[in-house]
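Examination of the molecular architecture
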Amino acid sequence: MTSSTPSTTRSSATNRRRFGAQDIALIAVFAALIAALTLVPAIPVGPLGVPITLQTFGVAVAALVLGAWRGFCAVGLYLIAGFAGLPVFAKFSAGLGVLAGPSAGYLIAFPITALITGALATYFLRRTGSLSRIMLFVAAIAGSIISTHPLGILGMSINGHIPLDKAFLVDMAYWPGDIIKSLLGALIAAMVFKAFPRFARRNFS
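In this report, we go over the structure that sits alongside the text. All values reported here derive from a predicted model rather than from experimental measurement.

**Quick word on a nonpolar patch on the surface**
Taken together, Ile180, Leu183, Leu184 and Leu187 make up a surface patch of nonpolar side chains, about 340 Å² in accessible area. Inspection of the secondary structure assignment puts Leu187 in helix H8 (residues 175-195). A relative accessible area of 32% means that Leu187 is categorised as partly exposed.

**Details of the side chain of Ser157**
In this structure, Ser157 sits in helix H6 (residues 133-160). Exposure remark for Ser157: the relative accessible area of 14% places this residue in the buried category. Among the polar contacts listed, one links the side chain of Ser157 to the backbone oxygen of Ile162, at a separation of 2.8 Å. In this view, Ser157 contacts Ile162, Pro163, Leu164 and Ala167; residues no more than four positions away in its chain are not counted.

**Re the packing of aromatic side chains**
Evaluated as defined, the whole model comprises six aromatic pairs. On the numbers, 5.6 Å between centres and 85° between planes, the contact of Tyr78 with Phe89 is edge-to-face. Residue Tyr78 is located in helix H4 (residues 68-83), and its partner Phe89 is located in the loop between H4 and helix H5 (104-128); the two are separated by eleven residues in the primary sequence. You can call Phe89 buried: its relative accessible area is 2%. Taken together, the ring pairs in this structure connect Tyr78, Phe83 and Phe89 into an aromatic cluster.

Analysis parameters
- Residues numbered from 1 in each chain as written.
- Predicted model: local features only at pLDDT ≥ 70, side-chain atom pairs only at ≥ 80, totals over all residues.
- Heavy atoms only, no water.
- Patch = residues over 30% accessible without salt bridge, like charges linked within 9 Å, V, L, I, M, F, W, Y side chains within 5 Å.
- Areas by Shrake-Rupley, 256 points an atom, 1.4 Å probe, with all protein chains shown as cover.
- Salt bridge = Lys/Arg side-chain N within 4 Å of Asp/Glu carboxyl O.
- Helix = DSSP H or I, 4+ residues; strand = E, 2+ residues; numbered from the N terminus.
- Buried < 20%, exposed > 50% of the residue type's maximum accessible area, 1.4 Å probe, protein only.
- Polar contact = N/O pair within 3.5 Å; in protein donor to acceptor, adjacent residues only side chain to side chain.
- Contact = heavy atoms within 4.5 Å.
- Phe/Tyr/Trp six-rings, centres within 6.5 Å; stacked < 30°, edge-to-face > 60°.

Geometric values such as these leave the question of function open.
Set out below in structure tokens:
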């Protein structure tokens, strides 16, 4: 039988302590950041009027900085606040009624996008050991491509009662903005990592 040394025990305990008060505070701060970004006027686009907003920018920054799980929680908290009635969605809308609108797919996609973006960012940071803005951009845009746009298209098709091919064409109008927001998110995340290296190490607790 092998016995654990005190240092090994402390190390194991530290590794298990993944979610503390500081993590919760960061999740709340980034949820508030996403909500605050909705104060910037939305720009309606296309026949369904699904707006261009800075929500996707906030999701990208939260995921890149906090990582997959904490980013997911931050975006989830933001959505819960909106569904509960706080006017934090585009055009100061709120409530479960937004799930019947053409933007529903994009909102539902946000936590999934955060998971994908955060996981990829963490993988790149650990794999390369550097704060590559290009890799952070790839993580952000990949989350958007894999989750935000497909679910957004599906939501527009179902709730907007239009064919998928037409919804796809409408969605193309959001791509230039998403590329710019992903790039800005990567730049901001890189600056945060440079100023606070522990974020790059995903060590918050």
